[in-house]
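Structural overview for review
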Amino acid sequence: MINIPSRIRIANLPTKIEKLERLSKKLGGPNIFLKRDDQTGTEISGNKVRKLEFSVKEALNQGCDLLITCGGIQSNHARATAAVAAKLGISSCLVLRNNGEEDVEGNYFLDKVLGAKIRFITPEEYREKRMEIMEAVKEELSKEGYKPYIIPEGASNGIGTFGYFKAMEEIIQQGKEMGTKFDAVVIAVGSGGTYGGLFLANKIMGYGAKIYGVNVSNDEEYFKNQIEKVINESLFYIDETFQFSKEEIDIIDGYVGKGYALSRSEEIEFIHEVAKLEGVILDPVYTGKAMYGLVNEIKKGNFKKNNNILFIHTGGLYGLFPKKDLFSF
């Protein structure tokens, strides 16, 4: 076993894996399994808490008492960060991208309930200088007596990568217990850290699955570069020689639709159909688009060589409520 950084333990782990029987039968292709990382908790639900267990441990080791992070106004990561901070008795400050809509609902509502300090910035500021803005917030709050720690978007950096390194260990063990070898693992990709951890563990442990990411923003080339960056950052924390090619990173492009956090009618209809078919609720920003992409790729015959596909449900339920007007009943 390789030595990785230590973590705090907040998430409800391991999360279960279940087979989507009716969806698999309907598609008539490979078996589709679902890893329920939407059930890592309630306030901390979703994939982000796995990464935060490592990031926040590093912050505590450095004596920090305030977490600064960023995201969209409905960011699952920002909400999870606020919840973890509250649970640990420290403070949080969220730098949120705002398009001029400040309805207090969904994740943003929970951010306020959890007591987070909130700073709004424009989409342009977010895209071009969010790290610079967080550094300025850190300096400002330091003058107020805090010792802040900055967590990048999605906790997708070297230390955060180990959240899904451990998740891959969990998946491999659960597969053994189930008597099932997953030949493909599919996730939504929004910042790259979840993919990076899975990819790193899959390679180091020699599991041999293909890791596929369905990007929900930007494009394939952007995420190949971002994932390469976070994997290389993670290697500073471990005593392990690891070589890989950027071309080994598999991104299924073409399902961004209207753009990040923007929904098309076909995506909303798909979320509704899966809910009625399997009793599983996907979210409009990440898993809805990613599962929609996976199903369409299966229909195209692009997964015909696979027997068992594991899709990781990374959460996002609270982000569905602000989209309620898009549903037809």
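Residues numbered from 1 in each chain as written. Predicted model: local features only at pLDDT ≥ 70, side-chain atom pairs only at ≥ 80, totals over all residues. Heavy atoms only, no water.

Below, the discussion takes up the overall build of the chain. In terms of regular secondary structure, the chain is built from 10 helices and 10 strands. The C-alpha radius of gyration of the chain comes to 19 Å, within 12% of the 20 Å expected for a compact globule of 329 residues. With respect to the three principal axes, the spread of C-alpha positions in the chain is 60 × 50 × 35 Å. Expressed as a percentage of its 329 residues, the buried residues of the chain come to 57%. Residue pairs in contact within the chain that sit at least 24 positions apart in sequence constitute 78% of those at least 6 positions apart. If the 43 positive side-chain charges of the chain are averaged to one point and the 45 negative ones to another, these points end up 4 Å apart. (Helix = DSSP H or I, 4+ residues; strand = E, 2+ residues; numbered from the N terminus. Rg over C-alpha atoms; globule rule 2.2 N^0.38 Å. Buried < 20%, exposed > 50% of the residue type's maximum accessible area, 1.4 Å probe, protein only. Contact = heavy atoms within 4.5 Å. Lys, Arg positive; Asp, Glu negative; His and termini not counted. Charge placed at Lys NZ, Arg CZ, Asp CG, Glu CD.)

With that settled, the discussion passes to the sheet that holds strand β2 (residues 31–35). The mixed open sheet is built from 6 strands, whose spatial order is β1-β2-β10-β7-β8-β9. The open sheet terminates on both sides in strands that have one partner only, identified here as β1 (17–19) and β9 (250–252). Neighbour-to-neighbour, the strand axes of the sheet open up by a mean angle of 30°, direction not taken into account. Sheet analysis places strand β8 (residues 210–215) next to β9, joined by 3 bridges and oriented parallel. Looking across to β9, one finds that G213 is bridged to I251. In this fold helix α6 (residues 162–178) packs onto β1, β2, β7 (184–189) and β10 (308–312), with an angle of close to 130° to the strand it touches most, β2. Across the sheet, helix α10 (residues 287–299) touches β2, β7, β8, β9 and β10, and the angle it forms with β10 is around 165°. (Pairing = 2+ DSSP bridges. Axes fitted to C-alpha atoms, helices over the stretch in contact; angles between N-to-C directions.)

On to the pattern of salt bridges, then. Note that side chains of opposite charge can pair when their charged atoms are close. Under the criterion given, the structure shown has 25 salt bridges. The closest approach of N and O atoms between E105 and K324, which form a salt bridge, is 3.3 Å. On the criterion of sequence distance, the pair formed by E105 in the loop between β4 (91–97) and α4 (106–113) and K324 in the segment after β10 is long-range, its members being 219 residues apart. With a shortest N-O distance of 3.7 Å, R127 and E128 are connected by a salt bridge. R127 gets classed as exposed once you look at its relative accessible area, which sits at 56%. We classify E128 as exposed; its relative accessible area is 62%. A single salt-bridge network, built from bridges that share partners, covers K16, E18, R36 and D38. (Salt bridge = Lys/Arg side-chain N within 4 Å of Asp/Glu carboxyl O.)

With that settled, the discussion passes to the side chain of Q174. Mapping Q174 onto the fold places it in helix α6. Residues within four places of Q174 in sequence aside, it is in contact with P14, T15, K16, I17 and K35.

The next point concerns unusual backbone geometry. L13 connects to P14 through a cis peptide bond whose omega is 0°. With respect to the element layout, P14 can be found in the segment before β1. With phi around 55°, A155 is a residue other than glycine that occupies positive phi space. Structurally, A155 can be placed in the loop between β6 (148–150) and α6. Of note in the backbone geometry, A261 takes a positive phi value of approximately 65° without being a glycine.

Turning our attention to the environment of I249. Secondary-structure assignment places I249 in the loop between α8 (220–234) and β9. Overall, the relative accessible area of 1% leaves I249 in the buried class. Each C-alpha atom, one on I249 and one on E124, is 29 Å from the other, the two residues being 125 residues apart in sequence. Non-local contacts of I249, meaning those with residues more than four positions away in its chain, are made with Y195, F199, K224, I227, E228 and F244.

This part takes up the packing of aromatic side chains. On inspection of all chains with the given rule, the structure shows 14 aromatic pairs. Note on F162 and Y237: the rings are 6.1 Å apart at their centroids and 75° apart in plane angle, and the pair reads as edge-to-face. Of the two residues, F162 sits in helix α6 while Y237 sits in the loop between α8 and β9, which places them 75 residues apart along the sequence. Residue class for F162 comes out buried when judged on its relative accessible area of 0%. (Phe/Tyr/Trp six-rings, centres within 6.5 Å; stacked < 30°, edge-to-face > 60°.)

Another point: the pairing of β4. Buried residues dominate β4, accounting for 6 of its 7 residues. The pairing of strand β3 (residues 66–72) with β4 spans 7 bridges and is parallel. Note that in β4 the partner of C70 across the bridge is V95. The parallel pair β3 and β4, bridged by helix α3 (residues 76–88), forms a crossover whose chirality is right-handed. Of the pairings in the sheet, the one linking β4 to strand β5 (residues 117–121) comprises 5 bridges and is parallel in character. Residue R97 lies in a different strand from β5, and its bridge partner there is I121. (Right-handed = clockwise from strand over helix to strand, strands pointing away.)

Remember that the coordinates give geometry; whether it matters functionally is a separate question.
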